[in-house]
Each structure stands twice: as structure tokens, then as C-alpha cells.
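# Summary of the model geometry
If you want the building blocks of each chain, they are given just below.
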Amino acid sequence: MAKKKDKEQKKGKEKRRGRIFSVSKEAKRRLIPPFVMLTAGAITSILMVVKGCSLNEFLARLLLILIIFYALGGLLKGILDMIDKQNAPPEVDEDEEDEMVEKEPEEESAEEEGAEEETAEE
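Overview of the structure.

The rules behind each value
Residues numbered from 1 in each chain as written. Predicted model: local features only at pLDDT ≥ 70, side-chain atom pairs only at ≥ 80, totals over all residues. Heavy atoms only, no water. Helix = DSSP H or I, 4+ residues; strand = E, 2+ residues; numbered from the N terminus. Contact = heavy atoms within 4.5 Å. Salt bridge = Lys/Arg side-chain N within 4 Å of Asp/Glu carboxyl O. Patch = residues over 30% accessible without salt bridge, like charges linked within 9 Å, V, L, I, M, F, W, Y side chains within 5 Å. Areas by Shrake-Rupley, 256 points an atom, 1.4 Å probe, with all protein chains shown as cover. Buried < 20%, exposed > 50% of the residue type's maximum accessible area, 1.4 Å probe, protein only. Expected span 1.5 Å × (residues − 1). Arc of directions from axis to C-beta.

## Points about the overall build of the chain
- When helices and strands are counted, the chain shows five helices and zero strands.
- Within the chain, contacts between residues at least 6 apart in sequence are counted, and of these 70% link residues at least 24 apart.

So this is what it looks like as C-alpha cells:
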């Protein structure tokens, strides 16, 4: 029994090793605000250390920068989400899809009749 479990576990590990994990857009976008905030914080920290500011001034400015850039990152994420929604193809329900399929032959016959009438008039 133990050998079977060991074999099953090894097979499961082998399957997991070969699998490529993909990250969805939502998961990637969720990381935009913290990334922007931390990048701005790192740059601010380096500049403030080079300038030689006092600790109280350093912390106050850093806090303000982190809050501002987190908000800007959230705004950027929102804009990207909105653009994706606009570029996404419209979702069609199955009922609407059936109606569209049923209407197509009627429209084609109407177009053919219109073309026949135009040729008859000429």
C-alpha cells in the first residue's frame, strides 16, 4: 500500500514539474499599485539618503510619496481594466445566438429578392 502511494506521489510531482503555471491578467494587474508604490519609495529613499535629510523629514516625505504613488498605481490599474473591457468582444447569450442563426436565412432571402427586383427594374 505504501509503495502505491509513493508511486502516485512521484507521478503527481512529475506532472507538476512539467506544468507551466500561467498567471492571469487580473493577478498581474493586482500587483501594479504596490509595484509603482515600492519603486517610488525606493527612489525617494535613495535620494533622501544622498541629500542627508533628517529622519523625521525623511519619514514624512516617504509616507506621502508612498500614499500618492499607490493611488496613481490604482488609477493606472483602473484605466487598464477599462481599456480591456472596451476591447473585449461582446458576450452573446445562447438564446441570442439561436435567434441570430434563425434570422440569417430570412435576411439572405430578403437580400436575394431585393437584388432580383433591381435587375428586373433595369
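From this point, the narrative continues.
## Some details on the side chain of Thr44
- Checked against the element boundaries, Thr44 lands in helix 3 (residues 32-51).
- Look past the residues within four positions of Thr44 in its chain and what remains in contact with it is Leu62 and Ile65.

## Topic: the pattern of salt bridges
- For the coordinates displayed, the defined rule picks out four salt bridges.
- Its salt-bridge partner being Lys77, residue Asp81 comes within 3.3 Å of it at the nearest N-O pair. You can see Asp81 and its partner Lys77 sitting in helix 4 (residues 55-87), four residues apart, about one turn around the helix.
- Where salt bridges share partners, they join Arg29, Lys77, Asp81 and Asp84 into one cluster.

## Let's talk about a nonpolar patch on the surface
- There is a patch of nonpolar side chains on the surface, built from Leu64, Ile68, Leu72, Leu75, Ile79 and Ile83 and spanning about 520 Å² of accessible area.
- If you trace the backbone, Ile79 turns up in helix 4.
- We classify Ile79 as partly exposed; its relative accessible area is 39%.

## Considerations on helix 3
- Over its 20 residues, helix 3 runs 29 Å from end to end, which matches the ideal 28 Å to within 8%, given 1.5 Å per residue.
- Those residues of helix 3 lying buried are Ile32, Pro33, Met37, Ala40, Gly41, Thr44 and Met48. One side of helix 3 holds all its buried residues, which, seen down the axis, span an arc of 155°. In helix 3, those exposed residues whose orientation departs by more than 90 degrees from the buried face are Phe35, Leu38, Ile46, Val49 and Val50.
- Residues of helix 3 that are buried in the fold lie against helix 2 (25-30) and helix 4.
- One or two residues past the end of helix 3 sits Gly52, with phi positive at roughly 80°.

## Topic: helix 4
- Compared with an ideal rise of 1.5 Å per residue, which puts 33 residues at 48 Å, helix 4 spans 47 Å between its outermost C-alpha atoms and is within 8% of the ideal.
- All buried positions along helix 4 are accounted for by Phe58, Leu62 and Gly73.
- Close packing links the buried residues of helix 4 with helix 3.

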